[in-house]
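Commentary on secondary and tertiary structure
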Amino acid sequence: MSKTKKEPQEKTLQEEIVDVCLRRGIVFPTAEIYGGAAGFYDYGPVGTMIRQNIINLFRETFINSEDNIYEISTSTVLPESVFKASGHVKSFHDPLTQCNKCKSMHRADHLIEASLGLNAEGKSNDELFALISENGIKCPTCKKGELDPPREFNMMLKTNIGPVDGNTAYLRPETAQNIFINFRRIAHSMRAKLPFGIAQVGKAYRNEISPRNFLVRLREFEQMELEMFVDPDELNNHPRFEEIEDVEIRFLSQEAQDKGEDPSTITIKEGVEKNLIYNQYIGYYMAIESLFLQNLGIPEDKFRFRHLMPKETAHYSKANYDLEIIFPFGIVECIGLAYRTDYDLLKHQEISGMKMHIDVEGKKVIPHVIEPSLGVDRLLYAVLLNSYIKEERKWTWFKFSNSLAPWVVLVTPLQRKDGLPEEANNLFWEIKDYGIEAIYDQTGAI
Ligand code: GAP
C-alpha cells in the first residue's frame, strides 16, 4: 500500500504572527526552556519597545492631554480586606466545568460559545448546564467525557504575606483597586478638585481557567487604567464635550443586540442625546479611545463599541461599553469602559471607615467614576495583526504607525572601507543624542 503524502497546510494569520514573534524576539512563552507556563508570555527587545510605545501613546492621549490627571505606581499584591470590600472575593468568578472522564477543566460559557456560536457570558450555572445537556456538548479534550454542572471559580491568584499562615493576600486582578484605596491621599496631596483623574499602568493577574489565543487571555497582563472622578451632578457637563461630539463611532446598542442587528454608525452627540450612551463622560472617552486606536494603526472598520447586556456587566458597574476589535478568530474586548458610579469608594469607605468624599462648595460629594481600562497585550496583538504585510515586498513585514515603530532610523555603513563604518557610527550616536530611536547595523546590506 502506498503512503499518501500529506499536503503542507498553509499557516493561519495567527500562526504566522506567533511564528514571527518567536523568530524575531518580539514575544515568547515564559520559561520556554522548561516547557512554558500557560497564560504567561515574555517580551523580547523588539516587543518591549513596541509595548513601551503603546504605553507612551496612552500617557500622551489619556493623561498628558489633560491638566487634571495624576499617574501613580503601586503594589501588585494587596491584602484580602481590599478585595472583600471591592466585591472581588465574592463575585469575581467564572463558571468552571470538569470532564468526568479525563478530568480536564473548561470555562463553561466559552465552551458553549465555541460549540454553538452564541454569547453565553453572564448566564447562570443552571442555564449553562441546561445548554450543555440539551446540545450534547462533550469534553473538547478527550471528545468523549460528559461535563459536570458548572461551579464558580474565583479568578484571583491567592498568596500569603509573610511566613505565618492566615495573612491572605491576592495579586491584584485590576490596577483600579489601588487607585480607590489611595484616593484620599492623592486627592489631598494634589489639592485636586472635581473632576480629576488618577491613572495607573501596571501588571494585573487573573487565574484564567483556559488561557488561549496567544496574548488574548493571559494569567499575567498589563493594564493601563484611568479612573475619572466626577461630581454626579456634572456627568452630562464634560468641559471638552464640544470638541468630540461630532466624532463618529460604530456602535452596537443593547436593542440592536436583542434584535440580532449589526452595529450602526452614530455620532457621540447623537448617542448621548438618544440615551444610547450613558452620559457625556462615557461619550468623551469613547471618542478618545477611537482616536487612540487609529493612532495605533487599527482601521475604524476593525473595531466597534458594544453596550454590554445587563447580565454581562461586572458587579461594580452600572453600564459598560467595550471597545471590541475584530481578530481573525473572533471579536475580542480590548478596552473596557465602565460607569463604576460611587460603588468602589462607598464600599471602601464602609469597610475601612475612612471618609472618601470631596468637598464641593460646602457639600460633601462622593464622586462617581468613569473608567477606561485598556489591556496592553491584547492591543499589541491587534497591532501586530493589523500591521503585518505580505504584499509590496518580497518578504513579509510590519508597517507600524509612526508612534509605534520600535526604531525610526536605521544607520548602516553599506561598505566596510574608506572610514564609512566610523562615519556611520558617529551619525548613529548623533541621531540618538536627539532622542530618536535608531539602530546601527554594521553588517551593511539592505
Ligand atoms: N478595571 C476594569 C477591568 O479590569 P476588564 O474588562 O476586566 O476591566 C480591562 O479588563 C482590559 O484588560 C480588557 O479590555 C483587556 O484588554 C485586559 N484584560 C482583561 N483580562 C485579560 C486577560 N486575561 N488577558 C489579557 N488581557 C486581559
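Thresholds, definitions, all that
- Residues numbered from 1 in each chain as written.
- Predicted model: local features only at pLDDT ≥ 70, side-chain atom pairs only at ≥ 80, totals over all residues.
- Heavy atoms only, no water.
- Buried < 20%, exposed > 50% of the residue type's maximum accessible area, 1.4 Å probe, protein only.
- Helix = DSSP H or I, 4+ residues; strand = E, 2+ residues; numbered from the N terminus.
- Contact = heavy atoms within 4.5 Å.
- Salt bridge = Lys/Arg side-chain N within 4 Å of Asp/Glu carboxyl O.
- Domains from an automatic or database assignment.
- Near = heavy atom within 4 Å.
- Polar contact = N/O pair within 3.5 Å; in protein donor to acceptor, adjacent residues only side chain to side chain.
- Areas by Shrake-Rupley, 256 points an atom, 1.4 Å probe, with all protein chains shown as cover.
- Nonpolar A, V, L, I, M, F, W, Y, C, P; charged D, E, K, R; others polar.
- 1 Å grid on protein atoms, 1.4 Å probe; cavity = no way out; pocket = protein on both sides within 12 Å on 5 of 7 lines; lining within 4 Å.
- Points joined across faces, edges and corners; volume = space filled by probe spheres on them.
- Patch = residues over 30% accessible without salt bridge, like charges linked within 9 Å, V, L, I, M, F, W, Y side chains within 5 Å.
- Lys, Arg positive; Asp, Glu negative; His and termini not counted.
- Charge placed at Lys NZ, Arg CZ, Asp CG, Glu CD.
- Pairing = 2+ DSSP bridges.
- Axes fitted to C-alpha atoms, helices over the stretch in contact; angles between N-to-C directions.
- Phe/Tyr/Trp six-rings, centres within 6.5 Å; stacked < 30°, edge-to-face > 60°.
- Lys NZ or Arg CZ within 6 Å of the ring centre and 35° of its normal.
- Parallel < 35°, antiparallel > 145°, perpendicular 65-115°, else oblique.
- Left-handed = near helix turned anticlockwise from the far one by under 90°.

When helix H13 (residues 343-352) is considered as a whole, its buried residues turn out to be Tyr343, Asp344, Leu345 and His348. The secondary structure elements touched by the buried residues of H13 are helix H3 (80-86), helix H7 (176-181), helix H8 (183-189), strand E11 (220-230) and strand E16 (330-341).

Okay, the pattern of salt bridges next. In total, this model carries 24 salt bridges according to the counting rule given. For Arg240, the salt bridge identified is with Glu66, shortest N-O distance 3.4 Å. Within this pair, whereas Arg240 is found in the loop between E11 and helix H9 (241-244), its partner Glu66 is found in the loop between helix H2 (45-63) and strand E3 (69-72), the two being separated by 174 residues in sequence. Since its relative accessible area comes to 28%, Arg240 is described here as partly exposed.

What follows concerns the domain arrangement of the protein. By domain assignment, the protein separates into domain 1 (41-89 + 155-388), domain 2 (93-154) and domain 3 (407-440). One C-alpha centre belongs to domain 1, the other to domain 3; they are set 41 Å apart.

Moving on to the site of the ligand. As a structural note, the neighbourhood of the ligand is formed by 19 residues, with Glu174, Arg206, Leu218, Glu225 and Glu333 the closest of them. One nitrogen or oxygen atom from the side chain of Glu174 is found 2.5 Å from a nitrogen atom belonging to the ligand. Contact with the protein chains removes 93% of the 560 Å² of surface that the ligand exposes when unbound. Put simply, the parts of the chain that give the shell around the ligand at least two residues each are E11, E16 and strand E19 (368-375). Ranked by residues supplied to the shell around the ligand, first place goes to E16 with five residues. Among the residues making up the shell around the ligand, the classes are represented as six nonpolar, four polar and nine charged.

Right, let's get into the layout of surface pockets. Put simply, the second largest pocket is a space of about 1,100 Å³. Lining the second largest pocket are 25 residues, and of these Arg24, Trp395, Trp397, Phe398 and Trp407 lie nearest its centre. Mapped by element, the contributors of at least two residues to the lining of the second largest pocket are helix H1 (13-23), H2, strand E21 (397-398), strand E22 (409-411) and strand E23 (438-440). In the lining of the second largest pocket, the residues fall into 19 nonpolar, one polar and five charged. Formed jointly, the lining of the second largest pocket draws a minimum of three residues from each of two domains, domain 1 (41-89 + 155-388) and domain 3 (407-440).

Judged by side-chain charge, Asp246, Glu248, Glu300 and Asp301 come together as a negatively charged surface patch. One can find Glu248 in strand E12 (residues 248-252). Judged by its relative accessible area of 48%, Glu248 is partly exposed.

Strand order across the open sheet formed by three strands is E6-E5-E7, with antiparallel pairing between neighbours. At either end of the open sheet lies a strand with only one pairing partner, and these are strand E6 (105-107) and strand E7 (151-154). Within this sheet the neighbouring strands show an average axis-to-axis angle of 50 degrees, counted without direction. Across the sheet, helix H5 (residues 108-116) is in contact with strand E5 (93-98) and E6; its angle to E6 comes to roughly 75 degrees.

So, about the packing of aromatic side chains. One pass over the full model with this rule turns up 21 aromatic pairs. On the basis of an interplanar angle of 90 degrees and a centroid distance of 5.2 Å, the ring pair of Tyr284 and Tyr285 is categorised as edge-to-face. In this structure, Tyr284 and Tyr285 share a single accessibility class: buried. Plain terms: the ring middles of Phe398 and Phe400 are 5.3 Å apart, the flat faces sit at 15 degrees to each other, and that makes the pair stacked. A relative accessible area of 18% places Phe398 in the buried class. Here the aromatic residues Tyr41, Phe214, Phe327, Phe329 and Tyr381 are joined through ring pairs into a cluster of three or more. Above the plane of the ring of Tyr316 lies Arg340, whose end atom (NZ or CZ) is 3.5 Å from the centre. A cation over a ring is seen here: Arg393 above Trp397, with NZ or CZ 3.6 Å from the ring centre.

Here we take up the packing of H2 against helix H14 (residues 376-387). Viewed as axis vectors pointing N to C, H2 and H14 meet at an angle of 110 degrees, and their least axial separation amounts to 10 Å. Taken together, the axis directions place H2 and H14 in an arrangement best described as roughly perpendicular. Crossing angle aside, the handedness with which H2 passes H14 is right-handed. Between H2 and H14, the residues in contact are Gly47, Ile50, Arg51, Ile54 and Ile55 and Val376, Asp377, Leu379 and Leu380, respectively. Residue composition of the contact of H2 with H14, by class: six nonpolar, one polar and two charged.

With that settled, consider the packing of H2 against helix H12 (residues 280-295). H12 packs onto H2 with a crossing angle of 145 degrees between their chain directions and a minimal axis gap of 11 Å. Crossing geometry of H2 relative to H12 is assigned as right-handed. Of the residues in H12, those in contact with Ile54, Leu57, Phe58, Thr61 and Phe62 of H2 are Tyr285, Ile288, Glu289, Leu291, Phe292 and Asn295. Classifying every residue of the contact of H2 with H12 gives eight nonpolar, two polar and one charged.

Glancing now at unusual backbone geometry. Note: most residues except glycine have negative phi, and most peptide bonds are trans. Following Leu194, the chain continues into Pro195 via a peptide bond in cis, with omega recorded as -5 degrees. Here Pro195 lies in the loop between H8 and strand E10 (196-205). Positioned with a positive phi, Arg191 is a non-glycine residue whose angle comes to about 50 degrees. By secondary structure assignment, the location of Arg191 is in the loop between H8 and E10. Arg191 sits in the exposed class, given a relative accessible area of 72%.

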